[in-house]
Each structure stands twice: as C-alpha cells, then as structure tokens.
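Chains, contacts and geometry: an overview
Spelled out from the first residue to the last, the chains are:
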Amino acid sequence: MTLSLAQLSRCTIAVDLGASRTRVYARNTGLIVDEPSIAAVNTRTGSLIAVGALAEGMAGRTPAHIRVVRPVSGGTVVDIDMAQRMLRHLISDKIRRAWRRKPLLRAAVCLPHDAEPIAQRAAVETLTGLGARRVELVDTLVAAAVGCGLPVQLPEATMIIVCGAASTQVAVLSLGAIVAAEKVQVGGDAIDYAVVQHLRSEHELMLPTQGLYPLHVALRADRLAGGGTETEVRGRDVATGLSRTVLVSTAHVRNAIHTPLTAVLDAIGRVLRECPPDLVADLGTRGVMLAGGSALLPGLDTMIEDATGMTVHIAENPDHCSVLGLGMMMEGKVRPMTIDPLVMR
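What you see is a predicted model; the values in this text were computed from it and never measured.

**Some thoughts on helix α6 (residues 140–147)**
Here α6 lies mainly inside the structure; 7 of its 8 residues are buried. Those residues of α6 not exposed but buried are T140, L141, V142, A143, A144, A145 and V146. In this fold, the buried residues of α6 make contact with β9 (106–111), β10 (134–139), β11 (158–163), β12 (168–174), β13 (177–184) and α12 (321–330). Among the residues of α6, the N-terminal cap falls to D139, whose side-chain oxygen and the backbone nitrogen of L141 are separated by 2.9 Å.

Okay, here's the thing in structure tokens:
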C-alpha cells in the first residue's frame, strides 16, 4: 500500500471504512458522511430497511425477519454487496450524480496495517462498484498520523496508536514511512465485552453494549475526580429477567478492562524493541499519540504512560484522524521532505 502524494492528489473522495463507523471526505467539501457501519435487512424480501444511526438503533430490538448486519469487520470489508448498498444510501444523490459525470473518478481508502490481499481487493471492489475508476490504498497508520498533525515526513520518530473497535495498531514512523508496526485484535469491542462480563459475574446483571455509554462517562469523570466513585447502571437481572439498577464501583471496572489492554501494552513493547535506539530516544521527548474511535477509553492513556514512561497525547478529533489525514494528503496540504541527490565533485 505504498503510493506517492501525487497519486493521492488526483483523488476526489477519501473513505475510511471502519468496523464501527464509515466516514467519507470529499475534496474541497470536507466530511460528508460520518455514520455507523451497520445496515438492517429484511430477510424475507432482501430489501434494505435502514443504514447508519437508524439501523444501529434497531440492533437487538428487531423481529425475526429483520437482520442487523455489519459489512465491515476490523477495517476489512467482509460483505462487498452489503457495503456497497450501505455506502450508496449514506452518500447523497447529489454526490452520486456528480460521480457519474466524472468518468475518471479516483478514490482513496485507508486499510489496516499489513492488510491481506483479499482485504485490499474487497475494498477496491466496494468502491469501484460505486463508480470509482481507480482506488488508491493508504495505510491507516500513515493517514491517522497525518490527520493528527504529526511531522511524519521529518527524520524524527513519531509514535501513533490507532485504537479501533475491533483492533489496535501501533507504529513508529520516520521520513514518511513506517519503521515498525504491530496490530492486535483488541479494541473497543473487546473492552466493552470485558465490562459486560464483569457486570454479569459480579452483579448478575445483563447489559447490552449500547448501555455502556453512561458507564464510560462515569469512568472519565472518575479519572478527573481521582477515582474511588460509584455509578448507577441499569440492566436486566440474570435470574428474574426484570429490570434492575445496581451501584458499580469504577475501580472494579478499571480492573476488569486491564486484562484485554495488556495485549496493547505487549504490542507497544514489541514495536519499541524493533526500533533503532535513536528513534526510541526521540519518543522519550515527543511522546505517543493516541487516535481512533476508542482512543478515549477510560484509563487507556494512563495505563500506557505507566507501562512505558512516555507522555501520551490524545488527538483533538481521534475518531476522525484517518479520514482527515486522507483528505489533507488528497488536497495537497502535506509536503514531503525533499532530499536532493548528492553530486560527485
């Protein structure tokens, strides 16, 4: 997935097909789509009922003949036909008509680091089915680093951790290229699952993942307050099936999410061991940048700081970094470092 900025400058749209949300950036327009990567289908007729936020609200609440599906998993398109139908409905008719008038439309899409050839082909087929004549593939780590404003083109180390819904990617970049990178199948979904299992085992309470948002808010507030607080959580009693409210200790919840997050810390250690000592020294002063939709997971930044001793910064718009980085490269707002060849004297 290596390409030049000149190739990206010919693109008209940039797409970030994430497991959690789909985002589309149009040249000279900005972000035009930011919706959940989810669709609701009538299994009897095969018709699409809803996409995006409306379909997400149907999850877990539909009758038997309506199925809620996610055509993207871990940043990889697993259902090309459904992904095309979802994108077609998310993008407005005006934009689609403009695409049809441009026979040489180019699109850019970011993919996870070291994406398999079949995953790359699925992304290309998804966008060509919508009218793109050529699709440029960009590593999510590079796009997110550019979107965070990191000076990736300089001969200095920059470390970025992209925390998605299904996976977390860790990389060190220098001179516009990836020096070392790791990807682990632990993301926001795994953290939410650990919290749900904790509530089930400790409080005999069943809680859907959609009901975890108030707990996330409480955990962030708890961190600012210094810890040791409790918050109310409402769910379904395991034994009776009735609605019940319990008081949950935020400290116990933090302990529950520590286990899956250790895989992220191990990946950071492997990346640092692969880097030259000079680049690791740069990171000691520059720190680490957190991006991705799950970058705001409570306790993730402090856990990384405690394990590595490096300062952790959270991007200003962590969930939009990848698509904004694609847009910046597409619009020519990123200039590579020019190195003139030496002349023999």
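**Comments concerning the side chain of E136**
As for its position among the elements, E136 is in strand β10. Polar contacts involving the side chain of E136 include one to the side chain of R134, which spans 2.7 Å.

**Brief notes about the sheet that holds β10**
Here 5 strands make up an open sheet; going across it, the order is β3-β2-β1-β9-β10 and the pairing mixed. The open sheet terminates on both sides in strands that have one partner only, identified here as β3 (30–36) and β10. Here the average twist between neighbouring strands, direction ignored, is 20 degrees. Bridge count for β9 against β10 is 6 bridges, and the pairing is parallel. Each residue of the ladder has a partner; that of A107, found in β10, is V135. Most of the contacts of helix α5 (residues 117–128) go to β9, to which it runs at about 145 degrees, and overall it touches β1 (13–17), β9 and β10. Lying on the sheet, α6 is in contact with β9 and β10; it crosses β10 at an angle near 75 degrees.

**What about the environment of L173?**
As for its placement among the helices and strands, L173 is situated in strand β12. Looking at L173, the relative accessible area reads 0%, which means it is buried. When the C-alpha atoms of L173 and V142 are compared, they prove to be 8.0 Å apart, with 31 residues separating the residues in sequence. Apart from the residues within four sequence positions on either side, L173 is in contact with V142, A145, V152, E156, A157, T158, I160, I178 and V179.

**A short note on the pattern of salt bridges**
Tallied over the full model, the rule gives 9 salt bridges. When the shortest N-O distance is used, the salt bridge between R244 and D237 registers 2.6 Å. Since its relative accessible area comes to 10%, D237 is described here as buried. Here the salt bridges share partners, and the residues they tie into one network are R21, R23, D34 and D319.

**So, the nonpolar core**
Counting residues in each nonpolar core, the largest one holds 41 residues, and the members touching the most others are M159, I161, I268, L290 and I304. A per-element tally of this core places helix α9 (residues 250–274) first, with 9 residues. The residues touching L290, leaving out its near neighbours within four places in the chain, are I161, C163, A295, L300, D301, I304, V312, H313, I314, A315 and P318. Among the nonpolar cores identified, the runner-up in size contains 31 residues, and V41, A119, A123 and L127 belong to it.

**Comments concerning the side chain of S294**
Residue placement: S294 occurs in the loop between β17 (288–291) and α11 (300–308). There is a polar contact of 3.4 Å between the side chain of S294 and the backbone nitrogen of G188. Once you skip the residues sitting within four places of it in the chain, S294 turns out to touch C163, G164, A165, G188 and L300.

**What about unusual backbone geometry?**
Positive phi, close to 60 degrees, is recorded for D114, a residue that is not glycine. By the secondary structure assignment, D114 is in the loop between β9 and α5. In this structure, E204 takes a positive phi of about 50 degrees despite not being glycine. Residue classification places E204 among the partly exposed positions, given a relative accessible area of 47%.

**Let's talk about the packing of helix α7 (residues 188–203) against α9**
In contact at an axis separation of 9 Å, α7 and α9 are set at 135 degrees when each is read in the N-to-C sense. When the interaxial angle is binned, α7 and α9 end up oblique. Of the two possible hands of crossing, α7 and α9 adopt the one that is right-handed. Where α7 abuts α9, its residues A190, I191, A194, V195 and H198 lie against H252, V253, A256, I257, P260 and L261. Of the residues assigned to the contact of α7 with α9, the class counts are 9 nonpolar, 2 polar and no charged.

Cut-offs used in this document
Residues numbered from 1 in each chain as written. Predicted model: local features only at pLDDT ≥ 70, side-chain atom pairs only at ≥ 80, totals over all residues. Heavy atoms only, no water. Buried < 20%, exposed > 50% of the residue type's maximum accessible area, 1.4 Å probe, protein only. Helix = DSSP H or I, 4+ residues; strand = E, 2+ residues; numbered from the N terminus. Contact = heavy atoms within 4.5 Å. Polar contact = N/O pair within 3.5 Å; in protein donor to acceptor, adjacent residues only side chain to side chain. Pairing = 2+ DSSP bridges. Axes fitted to C-alpha atoms, helices over the stretch in contact; angles between N-to-C directions. Salt bridge = Lys/Arg side-chain N within 4 Å of Asp/Glu carboxyl O. Core = buried A, V, L, I, M, F, W, Y, C linked by side-chain atoms within 4.5 Å. Parallel < 35°, antiparallel > 145°, perpendicular 65-115°, else oblique. Left-handed = near helix turned anticlockwise from the far one by under 90°. Nonpolar A, V, L, I, M, F, W, Y, C, P; charged D, E, K, R; others polar.

These values are about where atoms sit, not about what they do.
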